[in-house]
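Reading the structure
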Amino acid sequence: MDGIIALGTGGAAVVGSFTLLVGVRGNNKIKIDKEHVPYWAYGIGLVSAGAGTAFDNLGTIGAQFNQAFQQANGLGEWKAGATAAVLTVCVFGLKARPWKDALFGAIAPSVFAAANGLWMLPVTLPTGLLKSLVGA
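So, here is what we can say about the structure in this document. Everything numeric in this text was worked out from a predicted model, so none of it was measured.

1. Here we look at the overall build of the protein
The number of helices and strands found in the protein is six helices and zero strands. Start at the N end of the protein and walk to the C end: the helices and strands fall as α-α-α-α-α-α. Against the compact-globule benchmark of 14 Å for 136 residues, the protein has a radius of gyration of 15 Å, which places it among compact chains. Its C-alpha atoms give the protein principal-axis dimensions of roughly 45 × 35 × 25 Å. Across the 136 residues that make up the protein, the buried fraction comes to 36%. Taking all contacts inside the protein whose residues are at least 6 apart in sequence as the whole, residues at least 24 apart take part in 64%. Element-wise, carbon and sulfur atoms account for 64% of the exposed surface of the protein, whose accessible area totals about 8000 Å². For the protein, the distance from the average position of its 9 positive side-chain charges to the average position of its 6 negative side-chain charges is 9 Å.

2. Comments concerning helix 5 (residues 98–115)
Taking 1.5 Å per residue, 18 residues should reach 26 Å; helix 5 reaches 25 Å between its end C-alpha atoms and fits that length. Residue alanine 108 marks the point of greatest curvature in helix 5, where the axis turns by about 40 degrees; the proline proline 109 follows within four residues. All of the buried residues in helix 5 are Lys100, Asp101, Phe104, Gly105, Ala106, Ile107, Ala108, Pro109, Val111, Phe112 and Ala115. Note on helix 5: the residue one or two positions beyond its end, asparagine 116, has a positive phi of about 60 degrees.

3. Considerations on a nonpolar patch on the surface
A surface patch of nonpolar side chains, amounting to about 350 Å² of accessible area, comprises Leu118, Leu121 and Leu125. Here leucine 121 is to be found in helix 6 (residues 121–134). Looking at leucine 121, the relative accessible area reads 44%, which means it is partly exposed.

Definitions and limits used
- Residues numbered from 1 in each chain as written.
- Predicted model: local features only at pLDDT ≥ 70, side-chain atom pairs only at ≥ 80, totals over all residues.
- Heavy atoms only, no water.
- Helix = DSSP H or I, 4+ residues; strand = E, 2+ residues; numbered from the N terminus.
- Rg over C-alpha atoms; globule rule 2.2 N^0.38 Å.
- Buried < 20%, exposed > 50% of the residue type's maximum accessible area, 1.4 Å probe, protein only.
- Contact = heavy atoms within 4.5 Å.
- Areas by Shrake-Rupley, 256 points an atom, 1.4 Å probe, with all protein chains shown as cover.
- Lys, Arg positive; Asp, Glu negative; His and termini not counted.
- Charge placed at Lys NZ, Arg CZ, Asp CG, Glu CD.
- Expected span 1.5 Å × (residues − 1).
- Bend = angle between axes of the 7 residues up to and from the residue.
- Patch = residues over 30% accessible without salt bridge, like charges linked within 9 Å, V, L, I, M, F, W, Y side chains within 5 Å.
- Salt bridge = Lys/Arg side-chain N within 4 Å of Asp/Glu carboxyl O.

Take a look at the structure:
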């Protein structure tokens, strides 16, 4: 089955990224509120895992974000779940800023996948739905 929209993961990542860029600027017919940026970016992060090499860096950035905390000697033992929790607080606990929310929202799926456990729920459930929609 090609999916309902039949974009493919690469097409969905490009369309989502372009829509986010156009919508945040606010000068166009498409308008995306600052508070909705993390959700758009999270969706882009989910579909980018199966997209082409142009989107490989999102997963790499998420892994490097996690490693930065794990290699900080002063923090003691640090697991990927702690990085996922910090990332979640950064997105939802701080004032909405499109640049911050777009970056953290897009790398969140890779950090959540690395954390495993309950952190995998926000990755596996929407990924199945998105893949059936876009035809991945």
